[in-house]
Amino acid sequence: MAFNVLIVDDSRIVRAVVARTLKMAGVEADKILEAGNGKEALDILDSNKVDIVFADINMPGMNGIEMVGHMKEKGLLASIPVVIISTERSVTRIHDLKAMGVRDYLSKPFTPESIRDVVNRLLAGKKG
Amino acid sequence: MFLAILRDSLEQFAFMFSEENDERRFADWREPCLHVSIMFSGGHDAVITLTAPESLCAEMAANILGTEPGDLGAEDDSDALKELANVVCGKLIPELFGDRATFDLSVPSSVHIGEREWLKLAEDKTAVQLWVEDKPMLAKLAITGKV
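A short tour of the structure in this document, coming up. Keep in mind it's a predicted model, so treat the numbers as computed, not measured.

1. Quick notes on the side chain of S9 of chain B
All names here are of chain B.
Next, step 1: Along the chain, the position of S9 falls in helix α1 (residues 2-14).
Next, step 2: With relative accessibility at 0%, the residue S9 sits in the buried group.
Next, step 3: When neighbours within four sequence positions are excluded, S9 is seen to be in contact with A14, L84, V87, V88 and K91.

Written out as structure tokens, the structure reads:
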């Protein structure tokens, strides 16, 4: 079964790094979609089938925490796992994000192995 | 600690090695530069700034994406330095304030600076001076106060 990935980060270079790291990790997504902030991500989620979201926290316009809040309100978090990729390492922040419904958290810089492990765990049964 | 985190971040994120300033003079460098700032606020307010020649930022962007310098656009070069500042900030906060401290980080911003601004920054004794792949980088951490 094919699956689609949405990468949300205001930095084009970071979006490219995440996409490249997914490929390096052997994660073969059918489609990789990109958004520059939470608002753009919500627009993409409205009109595309997305199976997993990788999102930064600090973005202009709508940040990652606000985006997760909107996804929760819309009932999207149950079907679309969100993985936060951020430089922030506060255990308090990570705890709060997980309490909101974020499924996993990766610190930048991340490794191909860490991305692969997260995808395998969260998309078990969807990848084919 | 700030210097160690910066050097570590350069290696891990941009695959670039650095050395501390030697007898070469930063003030002699003549090239347009990028100056990036990121602020964090919470238990303390602070700002981290990184300044580097545009050509070094281009090399950094190419290293990060596994391409050649010049293959990418100016926006990518600026993004590379901004993201490095972001990584440094993320590593620094738990080292300074513990892993339970929560801070609000700003979105990094960048400006192009010329010779005059570079000279002024190079003469700032509170800034860290590094040579990265034989090009200069200035970095500064300014903790502005406790809230």
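2. Focus: the state of the cysteines
Residues and elements named next belong to chain B.
Next, step 1: Inspection of the entire model under this criterion finds zero disulfides over all chains.
Next, step 2: Here C57 is not disulfide-linked; the sulfur of C33 is the nearest cysteine sulfur, at 7.9 Å.
Next, step 3: With no disulfide of its own, C89 has C57 as its nearest cysteine by sulfur position, at a separation of 18 Å.
Next, step 4: Judged by relative accessible area, which is 0%, C89 ranks as buried.

3. Brief notes about the packing of α1 of chain B against helix α2 (residues 54-65) of chain B
Angle between the axes and distance between the axes: these two values describe a pair of packed helices.
Residue and element names in this part refer to chain B.
Next, step 1: In the contact formed by α1 and α2, the axes pass within 9 Å of each other and the chain directions differ by 50°. On the basis of the axis angle, α1 is oblique to α2. When α1 is examined against α2, the residues L10, F13 and A14 are found in contact with a partner set consisting of M60, N63 and I64.
Next, step 2: Looking at the contact of α1 with α2, its residues break down into five nonpolar, one polar and no charged.

4. Focus: the interface of chain A and chain B
Next, step 1: With 20 residues of chain A in contact, the opposing surface of chain B contributes 24 residues.
Next, step 2: Here chain A and chain B share an interface that buries about 1,900 Å² over both sides, 57% of which is from carbon and sulfur atoms.
Next, step 3: Looking only at chain A, the three residues that lose the most surface to chain B are I13, T87 and P109 of chain A, adding up to 28% of its buried area.
Next, step 4: Run the count over chain A and chain B and you get three salt bridges.
Next, step 5: With a shortest N-O distance of 2.8 Å, E83 of chain B and K108 of chain A are connected by a salt bridge.
Next, step 6: On inspection of chain A and its partner chain B, the count reaches nine residue pairs in polar contact (both at pLDDT 80 or more).
Next, step 7: Contributing elements (two or more residues each) for the side of chain A that touches chain B: α1 (12-24) and α4 (91-100) of chain A.

5. Things to note about a nonpolar patch on the surface
Next, step 1: A grouping of M1, L96 and I143 of chain B is seen on the molecular surface, where their side chains present a nonpolar patch of about 270 Å² in accessible area.
Next, step 2: With a relative accessible area of 33%, L96 of chain B lands in the partly exposed category.

6. Description of the nonpolar core
Next, step 1: If you look at the biggest cluster of nonpolar residues, it comprises 63 residues, and the most contacted ones within it are F54 of chain A together with M60, L81, L84 and M137 of chain B.
Next, step 2: Here the element with the most residues in this core is helix α3 (residues 74-97) of chain B; it accounts for nine residues.
Next, step 3: If you look at the next biggest cluster of nonpolar residues, it comprises 26 residues, including L42, V50, A55 and I80 of chain A.

7. A short note on the sheet that holds strand β2 (residues 31-35) of chain A
All names here are of chain A.
Next, step 1: Read from one edge of the open sheet, five strands run β2-β1-β3-β4-β5, paired in parallel fashion. Of all strands in the sheet, those bounded by a partner on one side alone are β2 and β5 (104-107). Averaged over all adjacent pairs, the angle separating strand axes in this sheet is 20°, with direction ignored.
Next, step 2: Sheet topology places strand β4 (residues 82-86) next to β5; four bridges connect them, and they run parallel.

8. Here we look at unusual backbone geometry
Next, step 1: Here the amide bond leading from K108 of chain A into P109 of chain A is cis, since omega sits at -5°, within 30 degrees of zero.
Next, step 2: Considering the arrangement of structural elements, one finds P109 of chain A in the loop between β5 and α5 (112-122).
Next, step 3: Not every positive phi belongs to a glycine, and F15 of chain B is a case in point at roughly 55°.
Next, step 4: Structurally, the position occupied by F15 of chain B is in the loop between α1 and β1 (18-20).
Next, step 5: Unusually for a residue other than glycine, D134 of chain B sits at a positive phi of about 65°.
Next, step 6: Of note, D134 of chain B is situated in the loop between β6 (128-132) and β7 (135-146).
Next, step 7: Residue D134 of chain B is classed as partly exposed on the basis of its relative accessible area, which comes to 47%.

Each value, and the rule that gives it
Residues numbered from 1 in each chain as written. Chains lettered and ligands numbered in written order. Predicted model: local features only at pLDDT ≥ 70, side-chain atom pairs only at ≥ 80, totals over all residues. Heavy atoms only, no water. Helix = DSSP H or I, 4+ residues; strand = E, 2+ residues; numbered from the N terminus. Buried < 20%, exposed > 50% of the residue type's maximum accessible area, 1.4 Å probe, protein only. Contact = heavy atoms within 4.5 Å. Disulfide = S-S within 2.5 Å. Axes fitted to C-alpha atoms, helices over the stretch in contact; angles between N-to-C directions. Parallel < 35°, antiparallel > 145°, perpendicular 65-115°, else oblique. Nonpolar A, V, L, I, M, F, W, Y, C, P; charged D, E, K, R; others polar. Buried area = accessible area lost by both parts, 1.4 Å probe. Salt bridge = Lys/Arg side-chain N within 4 Å of Asp/Glu carboxyl O. Polar contact = N/O pair within 3.5 Å; in protein donor to acceptor, adjacent residues only side chain to side chain. Patch = residues over 30% accessible without salt bridge, like charges linked within 9 Å, V, L, I, M, F, W, Y side chains within 5 Å. Areas by Shrake-Rupley, 256 points an atom, 1.4 Å probe, with all protein chains shown as cover. Core = buried A, V, L, I, M, F, W, Y, C linked by side-chain atoms within 4.5 Å. Pairing = 2+ DSSP bridges.

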